[in-house]
Amino acid sequence: MNSVVSSTLQRNAQRILGSRCIQIQKMTRLQRRYLSSSSSGVQVQKSTDTPIIGNLPPIVDFRSDTVTAPTKEMLDCVQHAITGDDVMGEDPTVLELESFAAALFEKEQGLYFPTGTMANLVAVMSHSHGTASEIIVGTNSHLCLYEGGGVSTLGGIHSRQIQENVDTAEFNLDEVQDYIRDTSDDHYPETKVICLENTHNMMGGIPLSSDYVNQVGALARRNKLKVHIDGARIFHASIAQKTSVAELSKGADSVSICLSKGLGAPLGTVLVGDAEFIRLAKRARKRCGGGMRQSGVVACMGLHALLNNVNRLEEDHRRAKHMAEQLFDKGFILPRNGKVETNMFFFGIPKESNVTKEDLTKRMWSEYGVMVGGGYSKGGEMFRLVTHMNIDDEGMNRCLRGLVTICKP
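Residues numbered from 1 in each chain as written. Predicted model: local features only at pLDDT ≥ 70, side-chain atom pairs only at ≥ 80, totals over all residues. Heavy atoms only, no water.

Participant: Please explain the packing of aromatic side chains as it appears in this structure.
Facilitator: Each aromatic ring pair is described using two quantities: the centre-to-centre distance and the angle formed by the ring planes. Scanning all chains against the criterion turns up five aromatic pairs. Consider the rings of Phe105 and Phe235, whose centres lie 5.8 Å apart with planes at 85°: the pair is edge-to-face. Of the two residues, Phe105 sits in the loop between α4 (92-104) and β2 (109-113) while Phe235 sits in helix α10 (residues 234-241), which places them 130 residues apart along the sequence. The exposure class assigned to Phe105 is buried, which follows from its relative accessible area of 1%. Pairing Phe345 with Phe347 gives two aromatic rings, centres 6.4 Å apart and planes at 50°, and the pair type is tilted. Considered together, Phe345 and Phe347 belong to a single accessibility category, that of buried residues. Through a chain of ring-to-ring contacts, the aromatic side chains of Phe332, Phe345, Phe347 and Phe383 assemble into a single cluster. Stacked on the ring of Tyr179, the Lys or Arg Arg160 has its end atom at 4.3 Å from the ring centre. Positioned above the aromatic ring of Phe113 is the side chain of Arg285, whose terminal nitrogen or guanidinium carbon lies 6.0 Å from the ring centre. (Phe/Tyr/Trp six-rings, centres within 6.5 Å; stacked < 30°, edge-to-face > 60°. Helix = DSSP H or I, 4+ residues; strand = E, 2+ residues; numbered from the N terminus. Buried < 20%, exposed > 50% of the residue type's maximum accessible area, 1.4 Å probe, protein only. Lys NZ or Arg CZ within 6 Å of the ring centre and 35° of its normal.)

Participant: What is the right way to look at the sheet that holds strand β8 (residues 269-273) in this model?
Facilitator: The pairing of strands in a sheet comes from backbone hydrogen bonds and takes either a parallel or an antiparallel form. A sheet is described by the order of its strands in space; here seven strands give the open sequence β2-β8-β7-β6-β5-β3-β4, paired in mixed fashion. Either end of the sheet is taken by a strand with one partner, and the two such strands are β2 and β4 (158-162). Along the sheet, successive strands turn relative to each other by an average axial angle of 20°, direction set aside. Its contacts with the sheet place helix α9 (residues 210-222) against β5 (190-197) and β6 (226-231), and it is angled at close to 175° to β5. (Pairing = 2+ DSSP bridges. Axes fitted to C-alpha atoms, helices over the stretch in contact; angles between N-to-C directions. Contact = heavy atoms within 4.5 Å.)

Participant: For this particular structure, what's the right way to read the packing of helix α5 (residues 116-127) against helix α12 (residues 275-287)?
Facilitator: Working note: a packed helix pair is described by the angle between its axes plus the distance between those axes. Where α5 contacts α12, the two axes come as close as 9 Å, and the packing angle between them is 125°. Overall, the two elements α5 and α12 adopt an arrangement that is oblique. As α5 packs across α12, the resulting crossing turns out to be right-handed. Mapping the contact onto sequence places Met118, Val122, Ala123, Met125, Ser126 and His127 in α5 and Phe277, Leu280, Ala281, Ala284, Arg285 and Arg287 in α12. Of the residues assigned to the contact of α5 with α12, the class counts are eight nonpolar, two polar and two charged. (Parallel < 35°, antiparallel > 145°, perpendicular 65-115°, else oblique. Left-handed = near helix turned anticlockwise from the far one by under 90°. Nonpolar A, V, L, I, M, F, W, Y, C, P; charged D, E, K, R; others polar.)

Participant: What should I look at first to understand the pairing of β5 in this one?
Facilitator: Successive residues of a regular strand alternate their side chains across the two faces of the sheet. Among the eight residues that make up β5, seven are buried, leaving the element largely enclosed by the rest of the structure. Sheet topology places strand β3 (residues 133-138) next to β5; four bridges connect them, and they run parallel. Across the sheet, the residue bridging to Ser133 is Glu190, located in β5. In this structure, β5 lies alongside β6, joined through five bridges in parallel fashion. Bridge assignment links Val193 to a residue of β6, and that residue is Lys226. A crossover links β5 with its parallel partner β6, the connecting element being α9, and its sense is right-handed. (Right-handed = clockwise from strand over helix to strand, strands pointing away.)

Participant: Would you mind going over the pairing of β2 with me for this structure?
Facilitator: Summarising burial for β2: four of the five residues are buried, a large majority. Pairing analysis gives five bridges linking β2 to β8, with the strands arranged antiparallel. Bridging from a neighbouring strand, Tyr112 pairs with Val270 of β8.

Participant: Honestly, the nonpolar core in this entry has me stumped. Any pointers?
Facilitator: Proteins that are soluble and globular tend to have nonpolar side chains buried together. The biggest cluster of nonpolar side chains holds 56 residues, and the ones touching the most others in it are Phe105, Tyr112, Ile194, Leu196 and Phe235. The dominant element in this core, judged by the number of residues it contributes, is helix α13 (residues 296-308), at eight residues. Excluding its chain neighbours within four sequence positions, the residues that come into contact with Phe105 are Ile234, Phe235, Val245, Ala246, Ser249, Val255, Ile257 and Val272. Core analysis: the second largest hydrophobic core is formed by 27 residues, Met323, Ala324, Val340 and Leu385 among them. (Core = buried A, V, L, I, M, F, W, Y, C linked by side-chain atoms within 4.5 Å.)

Participant: Looking at this structure, how should I read α10?
Facilitator: Because each turn of an α-helix spans 3.6 residues, side chains separated by three or four positions in sequence point in the same direction. For α10, the buried fraction is high: six of the eight residues fall into the buried class. Every buried residue of α10 is accounted for by Ile234, Phe235, His236, Ala237, Ser238 and Ile239. The positive-phi residue at the C-terminal boundary of α10 is Lys242, with phi of around 50°.

Participant: Explain the pattern of salt bridges here, please?
Facilitator: Two side chains of opposite charge can pair, provided their charged atoms sit close to one another. Overall, the coordinates contain 16 salt bridges when judged by the stated rule. Residue Arg285 is joined to Asp86 by a salt bridge in which the shortest nitrogen-to-oxygen separation is 3.7 Å. Taken together, the residues Arg285 in helix α12 and Asp86 in the loop between α3 (72-80) and α4 connect sequence positions 199 residues apart. In this structure, Arg285 and Asp86 share a single accessibility class: buried. Residue Glu315 pairs with Arg319 through a salt bridge whose shortest N-O separation is 3.9 Å. Of this pair, Glu315 and Arg319 are both found in helix α14 (residues 313-329), four residues apart, which corresponds to roughly one turn of the helix. Glu315 sits in the partly exposed class, given a relative accessible area of 22%. One network of salt bridges, with partners in common, ties together Glu315, Arg318, Arg319 and Asp393. (Salt bridge = Lys/Arg side-chain N within 4 Å of Asp/Glu carboxyl O.)

From the geometry alone we can't say anything about function, so treat these as descriptive.
And the structure:
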């Protein structure tokens, strides 16, 4: 982890955990690790966690960074987690996670959710209090494409889609300004929220800069709007740009933080924002069925992930960049001339190859034990590779060897 992120994490953890844990009579093994005797407070270490895969064959799964298995260390946390009724606000481990995440992002409060999809929906609902509301959202965003249309079907909120720049994943801010609508015309819904995604999944993991997010935030404030960041992979943006997550989200009113994408937790998202926003979000979470009881048994794994698995994301970036360079040199089709900044990229089969898009994923699995995501965009011609904590250099090289061998003319 870069020094800016590391110092922020340690400072906030010392302040939050140091004050809260003295209220707990019995500390868990994980909590004892947090309260290090070091003068710097929390010891943020490179993860040595080992995935628990039982008797499964040695497959290598590049389909997503959500496929990671809980580690032995995470499962140890579960056995000793202190729990309570979180709907009543009485689960100490959930409260630790929420407070820690809020401090890390320099927001007032946090709220734990079972999924990122629910967190994004609740964020939009909480910012869009009232009727005939509208959000501005990217055409290729996860919120727009892959969250079941919940904003409209469950939230009753209209989505106005705007095209992202293919090289930067940014909106044209002049176009955003033109898209904003108010109640001066009875024909219009009222724009309430601008939604960003950092990093941007369908644009190939492109990170948004703090300068850009601040510009969006300034535009939103001038128009009395809110900004929500789908931060499912925001720690990747932080590592790639050597900028703290607090700095990356300073221009936003709320951020959803996924704990299972890249960080290795089996589930969970924390939504952070100001106190009134979180009050409304907790009410909306209940309406969406997201109130959980003794959820500290899973929240402890998310807290463990934040403390231990951020450092190592740079390894995922290194492998993704190396794979993209190798495939681009071999004639594979890659957007942005093969430029990769975080842990994922899309690619197409070389034009001179005889293998079909349908056969490639089947053969990679049957001949090399490698799972690759296919069927993306451009008529399903694109494939996606995502690196994560369960992929090492051997798995990376096996995937490259299989792709080059199968796709050679």
